[in-house]
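Listed below, chain by chain, are the residues.
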Amino acid sequence: MSLFIFLLSGLSASSFFLDDYLTNLIAKNKHSQAQLSFAIEHENLMALNHALNSSEFHSEQWLSLAKVLAKTQGEAAYQLALYYKASPQKMIFWFKSASRLGFHQATLALAQHFFDQNDFASAEKTLLSFSANNLSINTKLHTRLQTKLLILKLNLAISQGQVGYIENSLLHDTQLLKETVEGRVLLNDIEKYQIGKLTNKALDTSKMIQQCENSIQLFATSLSHLKKLEGIIADFNTQPLSRAVCFASVRYMPVHALDCTKRQQAAIRCDESLWAPYANSIQTRYVGVMLPQGGANVHFGMLYFDSQDTVDVVAHEISHLLGFVDEYPLQAEHNTCQVTQTKSFSQNIAVLENTYYGDRRTIRSKILKQLAWGKYIKDNTPILQSVTASNGKRNWQLGTPEEFNNEVGVFNAQTCKKTNAKMREDFSAYKGLAQRTQLQYFSLSFPPLYSLLLKENTTHYRMPSFHYNIALAYFQQSAIGKNVSEDVALQRIARHKKNIKLANYWLEQSARWESERDRYNKVRQGGF
């Protein structure tokens, strides 16, 4: 468009400030379409914003105009970031662009995105660039952004276990948090989960006492995971196992407090001696921890799982606390599969010799006594099959025939399948049902027989309390080692004596949870 058109449109030829003139004209809505088009063509900000606001939201025209404005206007770059939510790389690019242009909402949104992705380092780095001093302290916008910033920083501190920051922030910023709904919700959550109150003295243990035979205290390391735990507990209440356990209110634990390995494909392992300072505030037999990642497992009285695990996985692991053994192949070196049992040791698995010689009735009677489910095998359901060896000698092979697959019997389990071939010739793992169960695949059902066995005996096969784990950890730390100097050896001997003393103390604490004399003695002697 030529200057001649502008002369015709009323612009004085003596004016050399076209941009200011057009800006003023468009601001007063006194422009013509020709003037608007000219202004847009020359990237006049007022014209571009006017056209953007007149465009259909997220249309091609809107997108084109927003990209031009985003060169200089943070809000336009921020809107582009929201537009590209489904494309994380583009979204991050525009958030960063908006942030560089001083648009604080974009900085906050970018940090929130990193936090939601569990990229705490990037979230923290992004927040460092957030200059709260640049906000106008007299505006509602300032207060709202300050509160959002504080909430994000607190959530980040909670997820990273920065208890000191949490306590200090609550000391100085509680009033600011109370001014918004989101802030009040966060304060309620901090109180509910007793975040920051990590010493035995500070914790309100009256909120955590839960009385039943198999009580469990679950912990998580972030607010989102604490809330997920509550959902898992609610879902667990529909599972058959729910009648055998009860849960205390979920609690917070700093992620670094337990020194855990959390590799995606590896079973979670922690330094369990670090539970000692918290033990007196835990009023349950068992402890469970949801960590950001790692393989679910049970280690004596402690249950570990990660934030991706479903209620079916958690139920499977809880069954181990109650005395059920995996029905999928265990590792070859697993203790369960090294020797035949001398008496029943679990609700659902027996490790017995494959071959027997002698009177069938006598053998049957002895085997049934080795099975937790023995009394539910009908008299007319065979568990021994006659076999003639290559030398012509007759023997009895343990196992119920396929035609009795719908009955309770003695069926091969996959549990000890990885044991070396020579050992498998001598003994195998057996179970009471031919069907696959939740002990083999998480998504399958927990069969009625197992529920019945658990109802009749909830204590005999279960794991010792979590105090046993603390004792074991101290025992494992008591090694003196070889080829060390005399001074080092003396130091280690002193530490060894201290650790042994602590281990015995925690064995005694664990034994107090046992009502059966045999189990009390077994736990007290570290016999699990």
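Residues numbered from 1 in each chain as written. Predicted model: local features only at pLDDT ≥ 70, side-chain atom pairs only at ≥ 80, totals over all residues. Heavy atoms only, no water.

Some details on the overall build of the chain
Counting its regular elements, the chain contains 21 helices and 14 strands. Expressed as a percentage of its 528 residues, the buried residues of the chain come to 47%. Contacts spanning at least 24 positions in sequence make up 59% of the contacts within the chain whose residues lie at least 6 apart. (Helix = DSSP H or I, 4+ residues; strand = E, 2+ residues; numbered from the N terminus. Buried < 20%, exposed > 50% of the residue type's maximum accessible area, 1.4 Å probe, protein only. Contact = heavy atoms within 4.5 Å.)

Description of the packing of aromatic side chains
Taken as a whole and assessed by the stated rule, the structure comprises 16 aromatic pairs. Seen in terms of ring centroids, tyrosine 78 and phenylalanine 95 are 6.0 Å apart; in terms of plane orientation they differ by 45°. Their pairing is tilted. Residue tyrosine 78 is located in helix H6 (residues 74-83), and its partner phenylalanine 95 is located in helix H7 (residues 88-100); the two are separated by 17 residues in the primary sequence. Among the aromatic residues, those joined into a cluster by ring pairs are Phe57, Trp62, Tyr83 and Tyr84. In this structure, lysine 393 packs its charged tip against the face of tyrosine 357, placed 4.9 Å from the ring centre. The ring of phenylalanine 528 carries lysine 522 above its face, with NZ or CZ at 4.5 Å from the centroid. (Phe/Tyr/Trp six-rings, centres within 6.5 Å; stacked < 30°, edge-to-face > 60°. Lys NZ or Arg CZ within 6 Å of the ring centre and 35° of its normal.)

Structural notes on the layout of surface pockets
The calculated volume of the largest pocket comes to roughly 1800 Å³. What lines the largest pocket is a set of 43 residues, and nearest its centre among them are Val325, His334, Asn335, Thr336 and Met463. Only strand S7 (297-299), helix H15 (311-321) and helix H21 (517-524) provide two or more residues apiece to the lining of the largest pocket. Taken together, the residues that form the lining of the largest pocket break down as 17 nonpolar, 16 polar and 10 charged. (1 Å grid on protein atoms, 1.4 Å probe; cavity = no way out; pocket = protein on both sides within 12 Å on 5 of 7 lines; lining within 4 Å. Points joined across faces, edges and corners; volume = space filled by probe spheres on them. Nonpolar A, V, L, I, M, F, W, Y, C, P; charged D, E, K, R; others polar.)

A look at the side chain of threonine 180
With respect to the element layout, threonine 180 can be found in the loop between helix H11 (163-177) and helix H12 (181-192). Here glycine 183 takes part through its backbone nitrogen, which lies 3.0 Å from a polar atom of the side chain of threonine 180. (Polar contact = N/O pair within 3.5 Å; in protein donor to acceptor, adjacent residues only side chain to side chain.)

A closer look at unusual backbone geometry
The residue glutamine 194 is not glycine, and still its phi comes out positive at about 55°. Here glutamine 194 shows up in the loop between H12 and strand S1 (215-220). When its relative accessible area of 4% is taken as the criterion, glutamine 194 is described as buried. In this structure, phenylalanine 300 takes a positive phi of about 50° despite not being glycine. Counting through the fold element by element, phenylalanine 300 comes out in the loop between S7 and strand S8 (302-306). Among the residues examined, phenylalanine 300 registers a relative accessible area of 18% and is labelled buried.

Describing the environment of glutamine 283
Examined against the element boundaries, glutamine 283 turns out to sit in the loop between helix H14 (276-279) and strand S6 (286-291). Spatially, the C-alpha atom of glutamine 283 lies 7.9 Å from that of glutamine 217, the residues being 66 residues apart in sequence. Among the polar contacts listed, one links the side chain of glutamine 283 to the backbone oxygen of asparagine 280, at a separation of 3.1 Å.

Quick word on H6
Listing the buried residues of H6 in full gives Gly74, Ala76, Ala77, Tyr78, Leu80 and Ala81. Summarising the contacts, the buried residues of H6 are in contact with helix H5 (60-69), H7 and helix H8 (104-116).

Some words on the nonpolar core
Judged by nonpolar contacts, the single largest core of 61 residues is most densely connected at Ile195, Leu218, Ile318 and Ile367. For this core, the element with the most residues is helix H13 (residues 223-236), which contributes six residues. Setting aside residues up to four positions removed in sequence, isoleucine 318 forms contacts with Ile216, Phe236, Val245, Phe247 and Leu303. Counting 30 residues, the second-largest nonpolar core is a separate cluster that includes Leu63, Ala70, Leu110 and Phe120. (Core = buried A, V, L, I, M, F, W, Y, C linked by side-chain atoms within 4.5 Å.)

Remarks on the sheet that holds strand S14 (residues 427-431)
Strand order in the open sheet formed by three strands is S9-S14-S13, and the pairing between neighbours is antiparallel. With one partner strand each, in any of the chains shown, strand S9 (349-353) and strand S13 (411-412) form the two edges of the open sheet. Looking at chain direction, S13 and S14 are connected through two bridges and run antiparallel. Bridge pairing links phenylalanine 411 to lysine 431 in S14. (Pairing = 2+ DSSP bridges.)

Some words on the sheet that holds strand S12 (residues 394-398)
Read from one edge to the other, the open sheet built from three strands follows the order S10-S12-S11, with strand pairing classed as antiparallel. The open sheet has two edge strands with one neighbour each: strand S10 (355-356) and strand S11 (384-388). In this structure, S10 lies alongside S12, joined through two bridges in antiparallel fashion. By the bridge assignment for S12, threonine 355 is matched with glutamine 397. Against the sheet, helix H16 (residues 360-369) touches S10, S11 and S12, its axis set at about 135° to S11. (Axes fitted to C-alpha atoms, helices over the stretch in contact; angles between N-to-C directions.)

Here's the deal with the pairing of S12
Sheet topology note: the S11/S12 ladder contains five bridges and is antiparallel. Along S12, the bridge assignment pairs valine 387 with asparagine 395. Where S11 folds back on S12, the antiparallel hairpin that results is connected by five residues, among which glycine 392 adopts a positive phi of roughly 85°.

Let's talk about the pattern of salt bridges
Any two side chains of opposite charge can pair, given that their charged atoms come close. Under the criterion given, the structure shown has 10 salt bridges. Close ionic contact of glutamate 514 with arginine 285 constitutes a salt bridge, the shortest N to O distance being 2.7 Å. Taken together, the residues glutamate 514 in the loop between helix H20 (486-511) and H21 and arginine 285 in the loop between H14 and S6 connect sequence positions 229 residues apart. You'll find glutamate 514 and arginine 285 in the same group, each marked buried. Each of Arg285, Glu514 and Arg519 takes part in a single network of salt bridges with overlapping partners. (Salt bridge = Lys/Arg side-chain N within 4 Å of Asp/Glu carboxyl O.)

A short note on the environment of glutamate 179
Among the structural elements, glutamate 179 can be located in the loop between H11 and H12. In this structure glutamate 179 comes out as partly exposed when scored by relative accessible area, which is 47%. Taking the C-alpha atoms as reference points, glutamate 179 and threonine 147, separated by 32 residues in sequence, lie 8.3 Å from one another. Sequence-distant contacts of glutamate 179, defined by excluding residues within four places in its chain, comprise Thr143 and Arg184.

Focus on the state of the cysteines
With the rule as written, the count across this model stands at three disulfides. Here cysteine 337 pairs with cysteine 416 through a disulfide, and the sulfurs are 2.1 Å apart. Measuring handedness by torsion sign, the sulfur bridge of cysteine 337 and cysteine 416 sits at about -80° and is left-handed. In this pair, cysteine 337 is assigned in the loop between H15 and S9 and cysteine 416 in the loop between S13 and helix H17 (421-426), connecting sequence segments 79 residues apart. Residue classification places cysteine 337 among the buried positions, given a relative accessible area of 1%. We classify cysteine 416 as buried; its relative accessible area is 6%. When the bonded cysteines of the chain are numbered from the N-terminus onward, they pair as 1-2, 3-4, 5-6. (Disulfide = S-S within 2.5 Å.)

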